[in-house]
Amino acid sequence: MRCHENFDCLFRPALPADFDHLRDLASRCWMEIYERQVSAESVRRFQSEDGAGDYVGEFLPSIQVATVSEEVIGMISLTHGYITGLYVDRRYRGNLIGTSLLHNARLDGGYLLDVSANNRRAIAFYERRGWQRVSTFDEDVFGTRMKAFTLARTR
């Protein structure tokens, strides 16, 4: 769903005060990607072990956010050239926010990222922007084994 209203989107480093908003955004996006692809036990583990909170807690110093009217609506993390956690709130997809977050991370030195092989929408998004699959691996998603790809920026 695309937001058709005019809005100003600002990009900035995440702040400790953003933690709860980032956890909520990461949780919603994880559920959107994995809920129907992993076992019910894996979903339960993600929720009970606060997988989203653990992710945000670990990567908070490296997260960049997109905000609209001070609401966090997108995020991306970059650590040692590796991009993780590109998420954009459904209401704002289709407005180039994900493209902008990815572009900024690329300018800051991001050249590798991982994506679930089942996340066709994300794979197509990255490939349209010049990213290419360089390897395949099995990832553990809270107890469910899944195929994933490592992508690298080729142009």
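The rules behind each value
- Residues numbered from 1 in each chain as written.
- Predicted model: local features only at pLDDT ≥ 70, side-chain atom pairs only at ≥ 80, totals over all residues.
- Heavy atoms only, no water.
- Helix = DSSP H or I, 4+ residues; strand = E, 2+ residues; numbered from the N terminus.
- Rg over C-alpha atoms; globule rule 2.2 N^0.38 Å.
- Buried < 20%, exposed > 50% of the residue type's maximum accessible area, 1.4 Å probe, protein only.
- Areas by Shrake-Rupley, 256 points an atom, 1.4 Å probe, with all protein chains shown as cover.
- Lys, Arg positive; Asp, Glu negative; His and termini not counted.
- Charge placed at Lys NZ, Arg CZ, Asp CG, Glu CD.
- 1 Å grid on protein atoms, 1.4 Å probe; cavity = no way out; pocket = protein on both sides within 12 Å on 5 of 7 lines; lining within 4 Å.
- Points joined across faces, edges and corners; volume = space filled by probe spheres on them.
- Nonpolar A, V, L, I, M, F, W, Y, C, P; charged D, E, K, R; others polar.
- Arc of directions from axis to C-beta.
- Pairing = 2+ DSSP bridges.
- Axes fitted to C-alpha atoms, helices over the stretch in contact; angles between N-to-C directions.
- Contact = heavy atoms within 4.5 Å.
- Phe/Tyr/Trp six-rings, centres within 6.5 Å; stacked < 30°, edge-to-face > 60°.

Student: So, the overall build of the protein chain: which residues are in play, and what are the values?
Tutor: When you go through the protein chain residue by residue, the secondary structure sums to five helices and seven strands. Of the regular secondary structure in the protein chain, the N- to C-terminal order runs β-α-α-α-β-β-β-α-β-α-β-β. Scaling as 2.2 N^0.38, a compact globule of 155 residues should have a C-alpha radius of gyration of about 15 Å, and the protein chain matches this with 15 Å. Expressed along its principal axes, the backbone C-alpha trace of the protein chain runs to roughly 40 × 40 × 30 Å. Here the protein chain holds 155 residues, and 46% of them are scored as buried. Total accessible area on the protein chain is roughly 8,800 Å²; 49% of this is exposed by carbon and sulfur atoms. Across the protein chain, the centroid of the 20 positively charged side chains sits 9 Å from that of the 21 negatively charged ones.

Student: Requested: an account of the layout of surface pockets, with residues and values cited.
Tutor: In this model, the largest pocket occupies a volume close to 1,200 Å³. Ile33, Gly85, Leu86, Tyr87 and Asp114 are the residues nearest the centre of the largest pocket, which is lined by 44 residues in total. For the lining of the largest pocket, the elements supplying multiple residues, two or more each, are α1 (19-34), α3 (51-59), β4 (82-88), α4 (97-107), β5 (112-116), α5 (120-128) and β6 (131-141). The element that contributes the greatest number of residues to the lining of the largest pocket is β4, accounting for seven residues. Grouping the constituent residues of the lining of the largest pocket by class yields 25 nonpolar, nine polar and ten charged.

Student: Outline helix α2 (residues 40-48), listing residues and values.
Tutor: Among all positions in α2, only Ser42, Val43 and Phe46 are buried. Summarising the axial view, the buried residues of α2 lie within an arc of 100 degrees, below the 170-degree limit, and thus occupy one face. Exposed and facing more than 90 degrees away from the buried side of α2 are Ala40 and Ser48. Where α2 ends, the next residue or the one after it, Asp50, has phi of about 50 degrees, a positive value.

Student: Which residues make up the sheet that holds strand β3 (residues 71-79), and what are the values?
Tutor: In spatial order, the strands read β1-β2-β3-β4-β5-β7-β6; together these seven strands make up an open sheet with mixed pairing. The two strands at the open ends of the sheet, each matched to only one other strand, are β1 (9-13) and β6. Neighbouring strand axes in the sheet, compared pairwise and without regard to direction, differ in orientation by 30 degrees on average. Where β1 and strand β2 (residues 63-68) come together, five bridges link them in antiparallel fashion. Bridge assignment links Cys9 to a residue of β2, and that residue is Val68. Along the sheet, α4 contacts β1, β2, β3, β4, β5, β6 and β7 (144-153); its crossing angle with β4, the most-contacted strand, is approximately 160 degrees.

Student: Any chance you could break down the packing of aromatic side chains for me, citing the residues and the numbers?
Tutor: Aromatic rings considered in pairs are described by the distance between their centres and by the relative angle of their planes. Inspection of every chain in the model, using the stated rule, returns seven aromatic pairs. Residues Trp30 and Tyr34 carry aromatic rings whose centres are separated by 5.2 Å and whose planes lie at 40 degrees to one another, so their mutual orientation is tilted. On the criterion of helical spacing, the pair formed by Trp30 and Tyr34 is a turn pair, its members being four residues apart in helix α1. Residues Trp30 and Phe142 carry aromatic rings whose centres are separated by 5.9 Å and whose planes lie at 90 degrees to one another, so their mutual orientation is edge-to-face. In this pair, Trp30 is assigned in helix α1 and Phe142 in the loop between β6 and β7, connecting sequence segments 112 residues apart. Classification of Trp30 by relative accessible area gives buried; the value is 8%. Members of the aromatic cluster, joined through ring pairs, are Trp30, Tyr34, Phe46 and Phe142.

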